[in-house]
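Below, each chain spelled out in residue letters.
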Amino acid sequence: MRANLLQVWGPLADASVVAYLTCPDCMMPSPVGDDAIAYRCHSCFTEVVFESCGGCGFRQSIPSRWHTAYTCGKCGAKCLIPRRRLYSTSTKAFGVQGYGHTYPKF
Ligand SMILES: [Zn+2]
Ligand SMILES: [Zn+2]
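Rules used in this analysis
- Think of each chain on its own: its residues are numbered from 1, step by step along the sequence as written.
- Naming scheme: in the order in which they are written, chains are lettered from A and ligands are numbered from 1.
- Local features in this predicted model are restricted to residues whose pLDDT is 70 or higher, and side-chain atom pairs enter the listing and the counts only when it is 80 or higher, whereas totals over whole chains, interfaces and linings include all residues.
- Runs of E in the DSSP output that reach at least two residues are strands. Runs of H or I that reach at least four are helices, and both are numbered from the N terminus.
- To assign burial, the other C-beta atoms lying within 10 Å of each residue's own C-beta are counted, with C-beta atoms placed from the backbone; 20 or more indicates buried, 12 or fewer indicates exposed, and intermediate counts indicate partly exposed.
- We call two residues in contact whenever the C-beta atoms placed from their backbones are within 7 Å.
- Being paired, for any two strands, means DSSP has found at least two bridges between them.

Engineer: Quick question: what am I supposed to make of the overall build of the protein chain here?
Structural biologist: For the protein chain, the helix and strand inventory stands at 0 helices and 9 strands. Taken from N to C terminus, the helices and strands of the protein chain fall in the order β-β-β-β-β-β-β-β-β. When burial is assessed residue by residue, the protein chain has 24% of its 106 residues classed as buried. Of the contacts made within the protein chain by residues no fewer than 6 positions apart, 46% connect residues no fewer than 24 positions apart.

Engineer: Which parts of the structure should I look at to understand the environment of Val 18?
Structural biologist: With respect to the helices and strands, the residue Val 18 is situated in strand S1 (residues 18-22). Between the C-alpha atoms of Val 18 and Pro 31, which are 13 residues apart in sequence, the distance is 5.9 Å.

Engineer: I tried to follow the pairing of strand S4 (residues 47-52) on my own but got confused; where do I start?
Structural biologist: Across 3 bridges, the pairing between strand S3 (residues 38-40) and S4 is antiparallel. From the neighbouring strand, Tyr 39 faces S4, where its bridge partner is Val 48. Where S3 hands over to S4, the hairpin turn is made up of 6 residues, of which Phe 45 adopts a positive phi near 65°. In the sheet, S4 pairs with strand S5 (residues 59-63) via 5 bridges, with the strands oriented antiparallel. When the bridges of S5 are listed, Ser 52 appears paired with Arg 59.

Okay, here's the thing in structure tokens:
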């Protein structure tokens, strides 16, 4: 269970609605709000976005500089990256469980 679900919502809730996601580039955690659809790594400054695997539904982070496809970090499927990102259809940080790999995978 996520720790922030146990906390009482209040004026200071913002500080608790943050997950620490691992950067797909440098593997360092950065604080990311649950509703974010992208963030910039605090360590290497890579811009990171979130994708959901079309095969297994695994939510993962990938560097935004990847433009065509990535390899799912869980099932290994090739996943296409959408050209446009709309906030409403983008994967949010909430529930992201890992990171994807380059396609083809090295
Ligand atoms: Zn990084
Ligand atoms: Zn998958």
